[in-house]
Amino acid sequence: MNILVFVEIRDGRIKRSSLEALSEARRTAGKLGGRVAAALVGEGVRAHAEALGQHGAAQVYVTESPRLKYYAPEAYARAVVEAHKKWGAGAIFMAATSMGRDLAGGVGALLGTSAAADCTGVLVDGGRILARRPVYAGKAYATVAFRKAPAILSLRPNVFPIEEPGGAAAVEELAPAFEESDFRSAVRELTASVQGKVELTEASVIVSGGRGLKGPEHFVLRDELAAALGAAVGASRAVVDNGWRPHSEQVGQTGKTVSPNLYVALGISGAIQHLAGMRTSKVIVAVNKDPDAPIFKAATYGIVGDVFEVVPALTAQLKKVLGG
Amino acid sequence: MNLAVCFKRVPDTTAKIRIASGGKAIDPQGVEFAISPYDAIALEVALRLKEKSGAGEVVGVSMDPEGNDVAIRKALAIGVDRAVLVKGGATFDSHATAQVLAAVLKPRSFDVIFFGKQAIDDDAFQVPTMVAQLLGLPRVNVCTSVEIEGGRAKCRRQIEGGEESVELALPCVISVQKGVNGIHDNRFPTMKGIMAAKSKPVETVAAPAFEPTLELVSLELPPERPPGRIVGQGAAAVPELVRLLKEEAKVL
């Protein structure tokens, strides 16, 4: 079975999570005796084709137009479907980013089938692909099979390892016959938030703060620790609902689901909604003054103590050890 | 302004999930159900838009395999004018669900069809997009702000490290993020609202035919995390924690 991977370009760079999806597609296609193609869509994206060959794409389809500079959901979906038909793909993979989750639904809508969203596992069983994905915010996992072809999967960032087998891809330009209606939902403008801020769902280290920090003015403790670790910052639902922190920082059900290498929870008790959103983190550190807090059941390492005493000491020690 | 809001009855965020025997569904015993939180926010967005425009109505549409009307009653109690309960349909199959909803929505005329960005049971993020496609409407998902003006919807949509601005001609489909237009939850129902809800019209329709696209092979609980340990008490435990992170877990 051949697989097509949509590769997302942001700020002139290939998204790391797209390379993860490409690598997983190559592993899966290998088991199914197929090859992998990549689809690049946008303006000035052709230059990335070579790197995709290095990461295992045998073929790269490029759809370029100034009108595709920003995400245009219907047009992007049409370009992916065009590449899918060219490649004869039995499956379409993409990273479960904001764009990828949206596009997976759009491609499914065009092809009359559902995508499996936010997959954390791709299995091959009797020549078909099964997708394993969290449901109920990770309180359970569903394994789904596709009744219609192609299988469409968006893959959760930070889960699948990247491989760089080397190689060169054949490049073909595609020019789908776009209609005016393909741009009816197009993005007009993109506003970047604070530069250099690490995005939660893509971060490999996250430091989150909860009610134990006692007030919005004390989140500087969290931020200093995060800076020492080069981490993204998160928050519990309680502090978001109190208006201490914006919703964009909320981790857990009704917030973001994350799986970094290291998750540090400061003054977070570990409500079921929070645990659902971060329990797949590889290593979890918890600092909480209540030894019975549920967070300690999920934590790899815990310190029982006052965040106001422990966190500055931890920041100082990390700076010393990491030479920061 | 005529607005539709599609919402789903799902296990509450505080629910502990257990798997029923057979391994293909959750055990509903002891589980509290509620309107999916993002859908509840969509309801509030629509109610405020209607109040601001001073005309039109908000119609709630909910598909429920069991035909349970608890979510519909709650929506009516907070101010939705009337509701359509779609009995039947698929579970955990976005395109099948979209087919059912699109068929129900098609003969009715709305300026905007609202959804929450995802239902918090199957977390699939696709039904709004697919309903839009099936109805031939523009759409925008995960909106953090929605403004309706002069026959157009001006929206901002959250992405990694930024926001996208999108402007759609009405009619259109919009799914919302928590915090959209400053809204984090729906309003509380008043006693008057609860009483009024009893006399509001609810149309019950059987789910139209749909084509299944996904098969649920199994549903399982996540693997237990390996047991962790308490490194120590207070700041004195910090050097040991950092050593473990560096030498044992190798994450520094």
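No experiment lies behind these values; they were computed from the predicted model shown. (Residues numbered from 1 in each chain as written. Chains lettered and ligands numbered in written order. Predicted model: local features only at pLDDT ≥ 70, side-chain atom pairs only at ≥ 80, totals over all residues. Heavy atoms only, no water.)

*Asks:* What am I meant to see in the pairing of strand E4 (residues 36-42) of chain A here?
*Replies:* Successive residues of a regular strand alternate their side chains across the two faces of the sheet. Residues and elements named next belong to chain A. The element E4 is largely enclosed, with a buried count of 7 among its 7 residues. Residues Val36, Ala38, Leu40 and Gly42 of E4 are buried on one face, and the alternating residues Ala37, Ala39 and Val41, pointing to the opposite face, are buried as well. Summarising the sheet, E4 and strand E5 (residues 59-64) pair through 6 bridges and their orientation is parallel. In the strand pairing of E5, Leu40 is matched with Val62. For the crossover from E4 across helix H2 (residues 49-54) to E5, the handedness is right-handed. (Buried < 20%, exposed > 50% of the residue type's maximum accessible area, 1.4 Å probe, protein only. Helix = DSSP H or I, 4+ residues; strand = E, 2+ residues; numbered from the N terminus. Pairing = 2+ DSSP bridges. Right-handed = clockwise from strand over helix to strand, strands pointing away.)

*Asks:* Quick question: what am I supposed to make of a nonpolar patch on the surface here?
*Replies:* Together, A:Val321, A:Leu322 and B:Leu252 make up an exposed nonpolar region whose accessible area comes to about 190 Å². Summarising the element assignment, A:Leu322 is placed in helix H9 (residues 307-322). Exposure remark for A:Leu322: the relative accessible area of 36% places this residue in the partly exposed category. (Patch = residues over 30% accessible without salt bridge, like charges linked within 9 Å, V, L, I, M, F, W, Y side chains within 5 Å. Areas by Shrake-Rupley, 256 points an atom, 1.4 Å probe, with all protein chains shown as cover. Salt bridge = Lys/Arg side-chain N within 4 Å of Asp/Glu carboxyl O.)

*Asks:* Please explain the environment of B:Pro128 as it appears in this structure.
*Replies:* All names here are of chain B. With respect to the helices, strands and loops of the structure, Pro128 is situated in helix H4 (residues 127-135). Judged by relative accessible area, which is 4%, Pro128 ranks as buried. Spatially, the C-alpha atoms of Pro128 and Phe114 are 8.1 Å apart, while their sequence positions differ by 14 residues. Beyond its immediate sequence surroundings of up to four residues, Pro128 is in contact with Phe115, Gly116, Asn141, Val173 and Ser175. (Contact = heavy atoms within 4.5 Å.)

*Asks:* Is there a simple way to explain the sheet that holds strand E4 (residues 57-64) of chain B in this structure?
*Replies:* The strands that make up a sheet pair up through hydrogen bonds in the backbone, lying either parallel or antiparallel. Read from one edge to the other, the open sheet built from 10 strands follows the order E13(A)-E9(B)-E8(B)-E7(B)-E10(B)-E6(B)-E1(B)-E4(B)-E5(B)-E11(B), with strand pairing classed as mixed. Both edges of this open sheet fall to strand E13 (187-192) of chain A together with strand E11 (202-206) of chain B, since each of them pairs with a single strand only. Adjacent strand axes in the sheet meet at a mean angle of 30° when their direction is disregarded. The pairing of strand E7 (residues 139-149) of chain B with strand E10 (residues 172-176) of chain B spans 3 bridges and is parallel. Bridge pairing in E10(B) places B:Val140 opposite B:Ile174. Across the sheet, helix H3 (residues 94-105) of chain B lies against strand E1 (2-6), E4, strand E5 (82-87), strand E6 (112-116) and E11 of chain B, angled at about 145° from E4(B), the strand it touches most. (Axes fitted to C-alpha atoms, helices over the stretch in contact; angles between N-to-C directions.)

*Asks:* Please explain the sheet that holds strand E13 (residues 229-233) of chain B as it appears in this structure.
*Replies:* Read across the sheet, 6 strands follow the order E15(A)-E14(A)-E16(A)-E17(A)-E18(A)-E13(B) without closing on themselves; strand pairing throughout is parallel. Strands with a single pairing partner mark the edges of an open sheet, and in this sheet they are strand E15 (232-235) of chain A together with E13 of chain B. In this sheet, neighbouring strand axes are inclined to one another by 20° on average, regardless of whether the strands run parallel or antiparallel. As judged from the 5 bridges shared by strand E14 (residues 205-209) of chain A and strand E16 (residues 262-266) of chain A, these two strands associate in the parallel manner. Bridged to A:Ile206 within E16(A) is A:Tyr263. Contacts between helix H5 (residues 219-229) of chain A and the sheet are confined to E14, E15 and E16 of chain A, with E14(A) contributing the most and set at about 170° to the helix.

*Asks:* Would you explain the pattern of salt bridges in this entry?
*Replies:* Two side chains carrying opposite charge are able to pair once their charged atoms lie near each other. Per the stated rule, a full pass over the model turns up 43 salt bridges over all chains. A single network of salt bridges, built from pairs that share partners, joins A:Glu24, A:Arg26, A:Arg27 and A:Glu163.

Read these as layout, nothing more, since geometry by itself doesn't imply function.
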